[in-house]
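# Descriptive structure summary
The lines below spell out each chain.
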Amino acid sequence: METQEANRQDDRHMRIGLRVDVDTFRGTRLGVPAICKLLARQGITASFFFTVGPDNMGRHLRRLLRPSFLWKMLRTRAVGLYGWDILLKGTFRPGPVIGEKLAGVIQDTADAGHEIGLHAWDHHRWQTHVDAMDGGDIRHSLETGVDLLTRILGHPPDCSAAPAWKSTDSALTEKDRFPFVYNSDCRGDHVFLPIVGGRTLRQPQVPVTLPTYDEVIGNSGISDENYNEYMLSLLDPAGLNVLTVHAEVEGISRLGMFDRFLSTARSSGMAFCTLGSFLEGSTSLPAAPLIPGHVPGRDGWVSLQGPSVAVDEEIRP
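The sections below set out a description of the structure shown in this document. (Residues numbered from 1 in each chain as written. Predicted model: local features only at pLDDT ≥ 70, side-chain atom pairs only at ≥ 80, totals over all residues. Heavy atoms only, no water.)

## Examining the pattern of salt bridges
Evaluated as defined, the whole model comprises eleven salt bridges. Among the ionic pairs, aspartate 259 bridges to arginine 41, the shortest N-O distance being 2.7 Å. Here arginine 41 lies in helix H2 (residues 25-42) and aspartate 259 lies in helix H14 (residues 255-267), a separation of 218 residues in the sequence. Residue glutamate 174 pairs with arginine 139 through a salt bridge whose shortest N-O separation is 2.7 Å. Of this pair, glutamate 174 sits in helix H10 (residues 169-175) while arginine 139 sits in helix H9 (residues 135-153), placing them 35 residues apart in sequence. Note on glutamate 174: relative accessible area 5%, which makes it buried. By sharing partners, the salt bridges in this structure join Arg187, Asp214, Glu215 and Arg298 into a single network. (Salt bridge = Lys/Arg side-chain N within 4 Å of Asp/Glu carboxyl O. Helix = DSSP H or I, 4+ residues; strand = E, 2+ residues; numbered from the N terminus. Buried < 20%, exposed > 50% of the residue type's maximum accessible area, 1.4 Å probe, protein only.)

## Some details on the sheet that holds strand E10 (residues 287-288)
The sheet built from three strands is open, its strands ordered E7-E6-E10 with mixed pairing. Each edge of the open sheet is held by one strand with a lone partner, namely strand E7 (199-200) and E10. For strand E6 (residues 193-196) and E10, the ladder comprises two bridges, and the chain directions are parallel. Counted as the bridge partner of proline 194 is alanine 288 from E10. (Pairing = 2+ DSSP bridges.)

## So, the side chain of asparagine 228
The residue asparagine 228 is located in helix H12 (residues 227-233) in this model. Among the residues examined, asparagine 228 registers a relative accessible area of 15% and is labelled buried. Of note is the side chain of asparagine 228, whose polar atom sits 3.0 Å from the backbone oxygen of methionine 257. Ignoring sequence-local partners within four residues, the contact set of asparagine 228 consists of Met257, Arg260 and Phe261. (Polar contact = N/O pair within 3.5 Å; in protein donor to acceptor, adjacent residues only side chain to side chain. Contact = heavy atoms within 4.5 Å.)

## Observations regarding the layout of surface pockets
Estimated volume of the second largest pocket: approximately 230 Å³. Lining the second largest pocket are 15 residues, with Pro211, Glu215, Val216, Tyr230 and Pro296 sitting closest to its centre. Its residues assigned to classes, the lining of the second largest pocket comprises eight nonpolar, five polar and two charged. (1 Å grid on protein atoms, 1.4 Å probe; cavity = no way out; pocket = protein on both sides within 12 Å on 5 of 7 lines; lining within 4 Å. Points joined across faces, edges and corners; volume = space filled by probe spheres on them. Nonpolar A, V, L, I, M, F, W, Y, C, P; charged D, E, K, R; others polar.)

Pasting the structure below:
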């Protein structure tokens with residue numbers, strides 16, 4: 001009740017949608033409880049997107065042959081940032097199924113009042129192969145993840161967020177078969193309905209508007225000492241603000257820095273909210289396609305919000 005009252009009072013202030021991506025076993029086991037404890041102390045409710053299948057994230061090390069990925073690993077000091085446990089998981093044998101081993105952490109997060117969504121079944125496979133997956137393969141991946149989350153929560157997840165902001169028309173079409181209230185699959189600047197093949201789908205997209213820690217750290221003079229100040233400078237008082245943090249980063253090695261960011265933002269009159277709250281009161285939304293593109297500091301392509309067209313579509317969050 002106290003958190004709900006705080007959220008009602010915060011409606012008067014600039015809102016920042018807080019998205020927590022959980023990619024790995026270690027992030028779920030250590031990062032999620034730490035972030036939940038921090039958010040409870042701050043009176044904040046967020047949207048958590050869980051990877052629930054096998055943790056095979058260590059297989060990303062094969063990308064070291066790509067100069068852009070190698071530079072990212074060096075720039076972010078990846079070993080100290082993530083730990084060898086994450087960097088090697090799933091390299092020598094299949095990784096543990098996160099949702100089976102750590103179901104209690106996911107349930108505790110839901111019980112704390114946070115919004116729960118599906119990030120992926122196998123984060124590594126989606127991130128590296130979604131553009132080559134057909135509709136049936138994508139549907140199976142989504143079904144497997146949704147089924148496990150449903151068993152854990154007692155109901156289907158309300159939303160989803162594509163790993164690494166990688167989505168395709170096939171992925172959007174398959175997601176539209178599921179009871180997601182919204183998805184967060186791309187980078188953009190306002191809430192919209194996705195267009196696929198000239199057809200407007202029914203599930204709104206709540207895009208991420210702000211860069212992530214690994215995209216900016218070590219670039220253009222951004223360091224841990226000035227990172228929070230830099231991120232606060234990017235907030236748009238008149239527009240949509242959605243921030244993604246990672247359980248593996250802000251929940252473990254950068255937890256103290258994240259705590260200071262939240263405190264500074266709130267003391268400046270800013271409020272944090274779930275991504276789903278941006279749909280409250282919406283009666284119509286513009287529509288736009290998702291198009292592949294690039295964002296500074298991120299290796300590989302991501303889905304970007306394309307040019308908008310006006311549509312008359314009722315939204316029922």
